[in-house]
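Overview (structure and organization)
Listed below are the residues making up each chain.
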Amino acid sequence: RRTFFGFLYQVLNPDCPCRQVVRQIQALFALHSGSRVDPGTSAYCQARDRLPLDILSRLRCAAAAHAEKACQRWRGLWVKVIDGTSSSAPDTPKNQRAYPQPGAQKPGCGFPLLKLVGVFSLATGALLDYAKGNKHQHELSLLQKLLDQFKAGDLALADRAFSTYTLLGLFLLRSVHSLFRLHQARPADLRKGKRLGKNDRLMVWTKPWQRPRYLPKAVWKLIPEELSVRVVRFILAVPGFRAQSVTLVTTLLDAQAYPAEELARLYVRRWRIELWFRDIKTSMGMEVLRCKSPKMLHKELEMFFIAYNLIRCLLAEAGAIYEVPMERLSFKGTVDSVRQFSVAIAQARSRKKQKQLIAQLLEIIAQDQVPDRPGRR
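Residues numbered from 1 in each chain as written. Predicted model: local features only at pLDDT ≥ 70, side-chain atom pairs only at ≥ 80, totals over all residues. Heavy atoms only, no water.

Examining the pattern of salt bridges
Pairing is possible between side chains that carry opposite charge, provided their charged atoms lie close to one another. Operational definition: Whenever a carboxyl oxygen of Asp or Glu lies within 4 Å of a side-chain nitrogen of Lys or Arg, that contact is scored as a salt bridge. In this text, helices come from DSSP runs of H or I with a minimum length of four residues, and strands from runs of E with a minimum of two, each type numbered from the N-terminal end. Relative accessibility under 20% of the residue-type maximum defines a buried residue, over 50% an exposed one, and the middle range a partly exposed one, all with a 1.4 Å probe and only protein chains included.
All told, the structure shown has 16 salt bridges when counted by the stated rule. For the salt bridge of aspartate 129 with arginine 60, the shortest nitrogen-to-oxygen distance reads 3.7 Å. Of this pair, aspartate 129 sits in strand β3 (residues 127-133) while arginine 60 sits in helix α4 (residues 53-67), and the two are 69 residues apart along the sequence. Using a relative accessible area of 4% as the deciding quantity, one classes arginine 60 as buried. Linked by salt bridges that have partners in common, Arg60, Asp129 and Glu302 make up one network.

A look at α4
Rules: In this analysis, the expected span of each helix is defined as 1.5 Å times one less than the number of residues it contains. The contact rule is simple, with two residues in contact once any of their heavy atoms fall within 4.5 Å.
Here α4 is 15 residues long and its end C-alpha atoms lie 22 Å apart, about the 21 Å a rise of 1.5 Å per residue gives. Elements that come into contact with the buried residues of α4 comprise α1 (2-12), β3 and α11 (294-322).

Some thoughts on the packing of aromatic side chains
Rule in force here: Each Phe, Tyr or Trp ring, with Trp reduced to its six-membered ring, pairs with another whose centre is within 6.5 Å; inter-plane angles below 30 degrees give stacked pairs, above 60 give edge-to-face pairs, and intermediate values give tilted ones.
In this structure the tally under the stated criterion is eight aromatic pairs. Ring centres of phenylalanine 120 and tyrosine 308 lie 6.1 Å apart, and the angle between their planes is 85 degrees; on these two criteria the pair is classed as edge-to-face. With a gap of 188 residues between them, phenylalanine 120 in strand β2 (residues 113-121) and tyrosine 308 in helix α11 connect regions that are remote in the sequence. Owing to a relative accessible area of 0%, tyrosine 308 belongs among the buried residues under this scheme.

So this is what it looks like as structure tokens:
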């Protein structure tokens, strides 16, 4: 338990070395028990290596589930957002073998690259699950590992990189609806199909003849030969910028229950996942990992995602108590507040004082709001 919280302290404090954590533990022991702790970092690093990865995964899922308690569904559907990103790792032989650097970089001039695909809750921004791979694995193949995360009554929201017939069919097999931006390789002639409204058509797509390499033959046979889809086009007009035409494809076929305008507004909210990845990678420092073996890289990733979900829990709780929309609360401000208040909470002399400090922390988080700038990225 002490090792876990030391590791958590590291990911919440960028550029925090192992020695700083050991000094913190030495200070706490000197304050409370007076016993001595070995000043070296070897024992702490060995203890981190012994942390079970499956327990860290369960903690990440538990934190995400806690954040979801106050979540509101969109028209009865739980919206889950999908996107991919990457992180670099230290240039060690083990890391290079598991996650080779991009081929355009000369040997000795690049760093190992981890490719990640994440599934987030649109309501809370919590990371529900993720899959990792190297440069040879496509994001669609990584997403296959995450399909069990989607249940009946969910809505998958993603950009055009995931807009394929195969993925639409796989989600429908699970009674999961989809809303994607139409892939640029697929023509969208709105003069065809059944008219549901202005720039809103019901079409029938046929199954491609070629099976994706990442998909097993048994699963490929289950995908239906035809799919009824809805194609919606809208104009994205932001003051000061050139108007842009955006075409969406969805399996939400009922134009009365799911108006085209509401679908357009929902897709615009997809951009938040880019901000959530920025929170993890830039604000928390996960853009460049520090562990020197794949085994520890995986644990470091889990610790970053646990810390991120815990911050999301605080944002959700503060927003619910003080009735402030979560998107108005500052993620970076919350991380800074947690760093300072955690020291005071740890040194509180009673449970009553701890509760008072936590209540004050939530109040400060609710007051630290970012400007409301609609239409901006």
